[in-house]
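Each chain, letter by letter, is given below.
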Amino acid sequence: MIKKKDKYSVAVVGATGAVGRKMLQILEERNFPVGNLKPLASVRSAGKDLLFKGKNVIVQELLKDSFSDVDIALFSAGAEISRKFAPAAVKSNCIVIDNSSAYRMNSDVPLVVPEVNPSALKGNPGIIANPNCSTIQMVVALKPIHDKFKIKRVVVS
């Protein structure tokens, strides 16, 4: 698990995409303790400016050695990119939170919705997967019902 710090070095992989930009917005809105922000994207987005906490930050090209000084990497650039770069991030002792489908069905990777199963984060998983967006919303709504009545099955059509 990541050690508690006053500030974290955070990378956002896919920073120039719609979800990456939303991740940056939420980090700022929630006042997440970002000490150093490293926006990462493809070579064609490298060099662009993004605004974070009132300051311009320059997008860097995503490379396998991009994670040497990063504590947490938020991945939102698709499964292919996650499969290619998440292991390199983990080798650099970075915790990866993957928003793609790459690791969702991997039994060695915890599939986590913090409001539902934070206990799945025991130990040092390296990579943490999250379900797709519609599943997250559903399980957050179902969690209190399950806690009270023990849901046995859900059918989604």
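Everything here concerns the structure above.
Residues numbered from 1 in each chain as written. Predicted model: local features only at pLDDT ≥ 70, side-chain atom pairs only at ≥ 80, totals over all residues. Heavy atoms only, no water.

Turning next to the sheet that holds strand β1 (residues 8–13). Pairing is parallel across the open sheet formed by six strands, whose spatial order is β5-β2-β1-β6-β7-β8. Looking at which strands have only one partner, the edges of the open sheet turn out to be β5 (60–61) and β8 (127–129). Pairing between strand β2 (residues 34–41) and β5: two bridges, direction parallel. Residue pairing for β5: A41 is matched across the bridge by E61. On top of the sheet, helix α1 (residues 18–29) reaches β1, β2 and β6 (72–75); it is set at about 155° to β1, its chief contact. Lying over the sheet, helix α2 (residues 79–91) contacts β1, β6, β7 (95–98) and β8, oriented at roughly 175° with respect to β6. (Pairing = 2+ DSSP bridges. Helix = DSSP H or I, 4+ residues; strand = E, 2+ residues; numbered from the N terminus. Contact = heavy atoms within 4.5 Å. Axes fitted to C-alpha atoms, helices over the stretch in contact; angles between N-to-C directions.)

Inspection of the entire model under this criterion finds three salt bridges. A salt bridge links D71 to K5, with the nearest nitrogen and oxygen atoms 2.8 Å apart. Of the two residues, D71 sits in the loop between β5 and β6 while K5 sits in the segment before β1, which places them 66 residues apart along the sequence. Under the relative-accessibility criterion, K5 is labelled partly exposed at 38%. Between D147 and K143 there is a salt bridge; the shortest N-O distance is 2.7 Å. Taken together, the residues span about one helical turn, with D147 and K143 both in helix α3 (residues 133–149) at a distance of four residues. Overall, the relative accessible area of 24% leaves K143 in the partly exposed class. (Salt bridge = Lys/Arg side-chain N within 4 Å of Asp/Glu carboxyl O. Buried < 20%, exposed > 50% of the residue type's maximum accessible area, 1.4 Å probe, protein only.)

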